[in-house]
Amino acid sequence: MENEREGVTVAVDVRPVPRVAVVVFLLRSQKLLLGKRRSAVGDSTFALPGGHLEFGESFEDCAAREVKEETGLDVNKIEFLTVTNNVFLDEPKPSHYVTIFMRAFLRDPQQVPQNPEPNKCDGWAWYEWDNLPKPLFWPLEKMVLSGFNPFPGV
Ligand code: IPR
Ligand code: MG
């Protein structure tokens, strides 16, 4: 396909491609932060904060930026945990994400999550790892069922 922009013809490849997402296990005591998604992918399921990696961005910077944008929270001690390959063919918007899972902690433990993007999330709350809400966003559910544990020293 070709696209005319400012008098210049550029080739546009419209084939779907995998994208990179960075999501964050934000931990506080034995709890983690989850929000119910409003999205064409994983609608009404509980998910970690996170989103698309931007061009040139480190995983750590993306994690901090996405958490700030979606919850208003400032995080520290950000580290890489694992990566999964997630293909969403049965969703209203079929997509494919390589999902980078990070861990982080609150810079100020007294800080309270906000919901600055109510069109994308119903709201954020802290949940016990042993008593997670249902339904979980399936990439997260898969990890939980596999026995993965994001807490340090486990
Ligand atoms: P944004 O960037 O809107 O926060 O993306 P997201 O939360 O829909 O995350 C995209 C990756 C998911 C679908 C694994
Ligand atoms: Mg997001």
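**Q** Sorry, what's going on with the overall build of the chain here?
**A** For the chain, the count of helices and strands is two helices and nine strands. Secondary structure of the chain in N-to-C order comes out as β-β-β-β-β-β-α-β-β-β-α. Along the first, second and third principal axes, the C-alpha atoms of the chain reach 55 × 30 × 30 Å. By residue count, 37% of the 154 residues in the chain fall in the buried class.

**Q** Which parts of the structure should I look at to understand the coordination of the magnesium ion (ligand 2)?
**A** Four donors placed tetrahedrally around a metal ideally meet at 109.5 degrees, and six donors placed octahedrally ideally meet at 90 or 180 degrees. Donor atoms from the polypeptide that coordinate the magnesium ion (ligand 2) comprise G50 (O) and E70 (OE), at 2.2 Å from the metal. A residue pair is termed long-range when its members are at least 10 positions apart, and G50 in strand β6 (residues 50-52) and E70 in helix α1 (residues 59-71) qualify at 20 residues. Of the two residues, G50 and E70, neither departs from the other in class, the shared state being buried.

**Q** What's the story with the site of ligand 1 in this structure? I'm lost.
**A** Ligand 1 sits among A21, R37, V41, G50, G51, H52, E66, E70, Y97, K120 and F137. Between ligand 1 and G50, the relevant distance is 3.0 Å, taken from an oxygen atom to a main-chain nitrogen or oxygen of the residue. Here an oxygen atom of ligand 1 and a side-chain polar atom of K120 are 2.7 Å apart. In the complex, 86% of the free accessible area of ligand 1, which totals 390 Å², lies under the protein chains. Cavity membership is defined here by more than half of the atoms lying within 2 Å of grid points; on that basis ligand 1 lies in the largest pocket. Listed by contribution, the elements that provide at least two residues to the shell around ligand 1 are β6 and α1. Among the elements that take part in the shell around ligand 1, β6 stands out by supplying three residues, more than any other.

**Q** Sorry if this is basic, but what is going on with the state of the cysteines here?
**A** Put plainly, two cysteines are in a disulfide when a covalent bond ties their sulfur atoms together. Using the criterion set out here, one finds zero disulfides in the structure. C62 forms no disulfide, and the closest cysteine sulfur to it belongs to C121, at a distance of 17 Å. Of the residues examined, C121 reaches a relative accessible area of 5% and is grouped as buried.

Parameters and conventions
Residues numbered from 1 in each chain as written. Chains lettered and ligands numbered in written order. Predicted model: local features only at pLDDT ≥ 70, side-chain atom pairs only at ≥ 80, totals over all residues. Heavy atoms only, no water. Helix = DSSP H or I, 4+ residues; strand = E, 2+ residues; numbered from the N terminus. Buried < 20%, exposed > 50% of the residue type's maximum accessible area, 1.4 Å probe, protein only. Donors = N, O, S within 2.8 Å, 3.2 Å for Na, K, Ca; no water. Near = heavy atom within 4 Å. Polar contact = N/O pair within 3.5 Å; in protein donor to acceptor, adjacent residues only side chain to side chain. Areas by Shrake-Rupley, 256 points an atom, 1.4 Å probe, with all protein chains shown as cover. 1 Å grid on protein atoms, 1.4 Å probe; cavity = no way out; pocket = protein on both sides within 12 Å on 5 of 7 lines; lining within 4 Å. Sits in = over half its atoms within 2 Å of the grid points. Disulfide = S-S within 2.5 Å.

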